[in-house]
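Residue-level listing of the chains:
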Amino acid sequence: MAALLLTGCATGPALERRGEVTGAPRGGRHLTVASAGFTESELLAQMYALLLGRAGYRTDILTVGNRELYEPALESGRIDVVPEYAATLADWLRAKQHGPDAKPVASPDLGATLRALRPLAAARGLTVLEPGRAVDRNAFAVSRSFAARHRLTTLSQLGASGLRVRLAAGDECVRRPYCLPGLRRRYGIRVTGVDPKGVGTTQAKQAVASGRDQLVLTTSTDGTLDSFGLVLLADDRQLQNADHIVPVLHAGRARDARAVDALNALNRVLTTEDLTRLNEQVDSWRRLPADVARSYLREKRLI
């Protein structure tokens, strides 16, 4: 079981065991914000904590790199809020309730995805706030030179070109509908095989930059693409689901209008482009997530 590290705006004990994470909830003006441990989640958690701090709360940031751990902690009230992804969470909660073979309920339609997600969350004592403008979904990139040579800006154009491409991605891409099967079925892309280098890893992007592979699975807010000479191809036929960023709260905290208003303030301004730029500052420029988060909120006059 992965260790759970406590950091952020207030000090507190490290939480090393699941039993401690899912203990009795704390009350009053103390809120715990969870991060899933990767750059974007850490940035969002830092921004949540700063906004809640400005609203009068004392906050901790708890890094828990596993949804199987932080979601039960959120249910119990040991964690108060976590940045989540609408489509991913909807299908995850569906599978948790009905088993791993449950039919997915998320879709590219944000409204339909939220209508499926909110009852699943409410059944577990969770409240899903309004989604923000930022979306982080699976995305596919090619080298800038490859795109220019073949005049490509969309996945449809890649399919229509008839070009044979090798895809750098994770092992699971072979069977997941948003990946290899979807590229072939929805776009007609001639994928000759999957190079198992992971999702958006340095090795995967280097393989495409060097020409070993031609297409890489990454995310729509990947801030390092430019440094590898890569560009995203638009998902113009909506293969990917509506993974808009949503704050998810323990239902007891969702009754606190001040906390909800503080989080909604970020939702109103943060865009996919903004989030990509913030990720780049951490991943490429090596700035600290806390510093990047604070600078952005000051830029937007939220703190």
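Look above for the structure.
Now for a quick tour of the structure. Just so it is clear, the structure is predicted and the values come from calculations on it, not from any experiment.

## Here's the deal with the packing of helix 4 (residues 86–98) against helix 5 (residues 110–122)
Next up, step 1: Where helix 4 contacts helix 5, the two axes come as close as 9 Å, and the packing angle between them is 45°. As judged from the angle between their axes, helix 4 and helix 5 are oblique. As for how helix 4 packs across helix 5, the hand of that crossing is left-handed. Along the contact surface, helix 4 presents A86, A87, L89, A90, L93, R94 and Q97, while helix 5 presents T113, L114, L117, L120 and A121.
Next up, step 2: Residue composition of the contact of helix 4 with helix 5, grouped by class: 9 nonpolar, 2 polar and 1 charged.

## So, the packing of helix 2 (residues 39–54) against helix 13 (residues 289–299)
Next up, step 1: Interaxial distance between helix 2 and helix 13 falls to 9 Å at its minimum, and their mutual angle equals 55°. In this view, helix 2 runs oblique relative to helix 13, as classed from their interaxial angle. When you trace helix 2 past helix 13, the crossing you get is right-handed. Touching E42, L43, Q46, M47, L50 and L51 of helix 2 are P289, A290, V292, A293, R294, Y296 and L297, all from helix 13.

## Some remarks on the pairing of strand 3 (residues 58–63)
Next up, step 1: Burial analysis of strand 3 places 5 of its 6 residues in the buried class, the great majority of the element.
Next up, step 2: Chirality of the crossover, the property in question, places the unit of strand 2 (residues 30–35), helix 2 and strand 3 among those that are right-handed.

## Looking at the packing of aromatic side chains
Next up, step 1: For the coordinates displayed, the defined rule picks out 0 aromatic pairs.
Next up, step 2: In this structure, R29 is placed above the aromatic ring of Y57, and the distance from its NZ or CZ to the ring centre is 4.1 Å.

## Observations regarding the pattern of salt bridges
Next up, step 1: In total, this model carries 16 salt bridges according to the counting rule given.
Next up, step 2: The salt bridge partner of K197 is D195, with a shortest N-O separation of 3.9 Å.
Next up, step 3: Look at D195 and you get buried, because its relative accessible area is 5%.
Next up, step 4: Here the salt bridges share partners, and the residues they tie into one network are R166, D195, K197, R212 and D213.

## Some remarks on the side chain of R67
Next up, step 1: The topology assignment puts R67 in helix 3 (residues 67–76).
Next up, step 2: Judged by relative accessible area, which is 17%, R67 ranks as buried.
Next up, step 3: There is a polar contact of 3.3 Å between the side chain of R67 and the side chain of Y70.
Next up, step 4: Contacts of R67, omitting those with residues within four sequence positions, involve P72, E84, T88, L89 and W92.

Rules of the game
- Residues numbered from 1 in each chain as written.
- Predicted model: local features only at pLDDT ≥ 70, side-chain atom pairs only at ≥ 80, totals over all residues.
- Heavy atoms only, no water.
- Axes fitted to C-alpha atoms, helices over the stretch in contact; angles between N-to-C directions.
- Helix = DSSP H or I, 4+ residues; strand = E, 2+ residues; numbered from the N terminus.
- Parallel < 35°, antiparallel > 145°, perpendicular 65-115°, else oblique.
- Left-handed = near helix turned anticlockwise from the far one by under 90°.
- Contact = heavy atoms within 4.5 Å.
- Nonpolar A, V, L, I, M, F, W, Y, C, P; charged D, E, K, R; others polar.
- Buried < 20%, exposed > 50% of the residue type's maximum accessible area, 1.4 Å probe, protein only.
- Right-handed = clockwise from strand over helix to strand, strands pointing away.
- Phe/Tyr/Trp six-rings, centres within 6.5 Å; stacked < 30°, edge-to-face > 60°.
- Lys NZ or Arg CZ within 6 Å of the ring centre and 35° of its normal.
- Salt bridge = Lys/Arg side-chain N within 4 Å of Asp/Glu carboxyl O.
- Polar contact = N/O pair within 3.5 Å; in protein donor to acceptor, adjacent residues only side chain to side chain.

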